[in-house]
Amino acid sequence: MGDEGTHRPAEPGPRIDVRPAVGRYDDFYEVVGVKKPGGKGCWCMAYRDSRVPAEERPGYMRDLCATEPGPGVLVYVDDVVAGWCSIAPRSTYRRLMHSRTIPFVDDRDAWVAVCFVVRAGYRKRGLLHHLLAGAVEHARAHGAEVVEGYPADVGPDRVDVISGYVGTVRMFEAAGFERAAETSGVSGGRRRWVMRKELTADG
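Residues numbered from 1 in each chain as written. Predicted model: local features only at pLDDT ≥ 70, side-chain atom pairs only at ≥ 80, totals over all residues. Heavy atoms only, no water.

### Things to note about the overall build of the protein
Next up, step 1: Helix and strand counts for the protein come out as seven helices and seven strands.
Next up, step 2: Element order for the protein, N to C, with α for helix and β for strand: β-α-α-α-β-β-α-β-α-β-α-α-β-β.
Next up, step 3: Classification of the 203 residues of the protein by burial places 41% in the buried group.
Next up, step 4: The long-range share in the protein, meaning contacts at least 24 apart out of those at least 6 apart in sequence, stands at 63%.
Next up, step 5: Split by element, the accessible area of the protein, about 11,000 Å² in all, is 52% carbon and sulfur. (Helix = DSSP H or I, 4+ residues; strand = E, 2+ residues; numbered from the N terminus. Buried < 20%, exposed > 50% of the residue type's maximum accessible area, 1.4 Å probe, protein only. Contact = heavy atoms within 4.5 Å. Areas by Shrake-Rupley, 256 points an atom, 1.4 Å probe, with all protein chains shown as cover.)

Okay, here's the thing in structure tokens:
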């Protein structure tokens, strides 16, 4: 007799969770670090302080990962690190404090999700949405009143690598963010918006 009528239980999907980067510098390095000896890279410092020399950036981020609240969050798939989101108060990002293209909406020190990175092999799994949700909860846990992002408005178009790095307006809207102000900045040739989400005790 064949097994046409049998019903096998569905295979469980991968376990996805988001964790703060505090105490997880090695995992941060796995996603963002420059592996090539002598290679230069951002190390997620472009917004924090681009004046820091390339050779000092690993130590700078190691120190941030060693203290609360840390520089961001990491997403894991079945306990394997797969991606990164930089989330911290705007006051800690030198570039944002001096930006001529991204306006301040009010005088509160909004927490800002400025950078998203997903490792090759883990893309197109919706991990950016998990990272943004985890970033919001991380900010909430540390007393944030409001969270911002400055994504590109790509409309219905396919997301390119650059727009993926800053996020997209539709990704932020799906997470409950609203357009608060148009910026004069662009990413990948697309206009960027200040997207905001007000945080309350119950939502």
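Following the structure, the description resumes.
### Here we look at helix 5 (residues 127-141)
Next up, step 1: For helix 5, with 15 residues, the first-to-last C-alpha span of 21 Å sits near the 21 Å given by 1.5 Å per residue.
Next up, step 2: Buried residues along helix 5 sit in contact with strand 1 (16-20), strand 2 (72-77), strand 3 (80-89), strand 4 (111-118), strand 5 (146-149) and helix 7 (169-174).
Next up, step 3: Of the residues flanking the end of helix 5, it is glycine 143, one or two places downstream, whose phi is positive at about 85 degrees. (Expected span 1.5 Å × (residues − 1).)

### So, the packing of aromatic side chains
Next up, step 1: Throughout the structure, instances matching the rule amount to five aromatic pairs.
Next up, step 2: Measuring from ring centre to ring centre gives 6.1 Å for tyrosine 25 and phenylalanine 28, while their planes differ by 40 degrees; the resulting arrangement is tilted. Here tyrosine 25 and its partner phenylalanine 28 are both found in helix 1 (residues 25-32), three residues apart, which amounts to about one turn of the helix. Take tyrosine 25 and phenylalanine 28: they sit in the same class, and that class is buried.
Next up, step 3: One aromatic cluster is present, built from ring pairs that chain together Tyr25, Phe28 and Trp84.
Next up, step 4: Against the face of tryptophan 193 rests arginine 179, its NZ or CZ located 4.8 Å from the ring centre. (Phe/Tyr/Trp six-rings, centres within 6.5 Å; stacked < 30°, edge-to-face > 60°. Lys NZ or Arg CZ within 6 Å of the ring centre and 35° of its normal.)

### A short note on the pattern of salt bridges
Next up, step 1: One pass over the full model with this rule turns up 16 salt bridges.
Next up, step 2: Put simply, aspartate 106 and arginine 196 hold a salt bridge, and the shortest N to O gap is 2.9 Å. Pair noted here: aspartate 106 is in the loop between helix 4 (94-97) and strand 4 and arginine 196 is in strand 7 (residues 190-198), with a separation of 90 residues, a long-range link.
Next up, step 3: Residue aspartate 106 is classed as partly exposed on the basis of its relative accessible area, which comes to 26%.
Next up, step 4: Residues glutamate 173 and arginine 179 are paired through a salt bridge, measuring 3.4 Å at the closest nitrogen-oxygen approach.
Next up, step 5: For glutamate 173, a relative accessible area of 38% puts it in the partly exposed group.
Next up, step 6: One salt-bridge network, in which partners are shared between bridges, spans Arg90, Asp106, Arg108, Glu145, Glu148, Arg196 and Glu198. (Salt bridge = Lys/Arg side-chain N within 4 Å of Asp/Glu carboxyl O.)

### Let's talk about the layout of surface pockets
Next up, step 1: Roughly 160 Å³ of volume is contained in the second largest pocket.
Next up, step 2: Considering the residues around the second largest pocket, the lining is formed by Arg48, Tyr60, Leu64, Thr67, Glu68, Pro69, Gly70, Pro71, Ala88, Pro89 and Thr92.
Next up, step 3: Put simply, the parts of the chain that give the lining of the second largest pocket at least two residues each are helix 3 (57-65) and strand 3. (1 Å grid on protein atoms, 1.4 Å probe; cavity = no way out; pocket = protein on both sides within 12 Å on 5 of 7 lines; lining within 4 Å. Points joined across faces, edges and corners; volume = space filled by probe spheres on them.)

### Some remarks on the sheet that holds strand 1
Next up, step 1: If you trace the seven strands from one edge of the open sheet to the other, you get 1-2-3-4-5-7-6, paired in mixed fashion. With partners counted over all chains shown, the strands left at the sheet margins are strand 1 and strand 6 (178-187), one partner each. Across the sheet, the mean angle from the axis of one strand to that of its neighbour is 25 degrees, orientation sign disregarded.
Next up, step 2: Where strand 6 meets strand 7, six bridges bridge the pair, whose relative direction is antiparallel. Bridge pairing in strand 7 links valine 186 to arginine 191. (Pairing = 2+ DSSP bridges. Axes fitted to C-alpha atoms, helices over the stretch in contact; angles between N-to-C directions.)

### Topic: the side chain of arginine 48
Next up, step 1: Mapping arginine 48 onto the fold places it in helix 2 (residues 46-49).
Next up, step 2: It turns out arginine 48 is buried and unbridged, and the closest side chain with the opposite charge, aspartate 49, is 10 Å from it.
Next up, step 3: In this structure the side chain of arginine 48 is engaged in a polar contact, spanning 2.9 Å, whose partner is the backbone oxygen of cysteine 44.
Next up, step 4: A polar atom in the side chain of arginine 48 sits 2.7 Å from the backbone oxygen of proline 71.
Next up, step 5: Setting aside residues up to four positions removed in sequence, arginine 48 forms contacts with Tyr60, Met61, Leu64, Pro71, Ser86, Ala88, Thr92, Tyr93, Arg94 and Arg95. (Lys, Arg positive; Asp, Glu negative; His and termini not counted. Polar contact = N/O pair within 3.5 Å; in protein donor to acceptor, adjacent residues only side chain to side chain.)

Function cannot be inferred from these measures alone, as they are strictly geometric.
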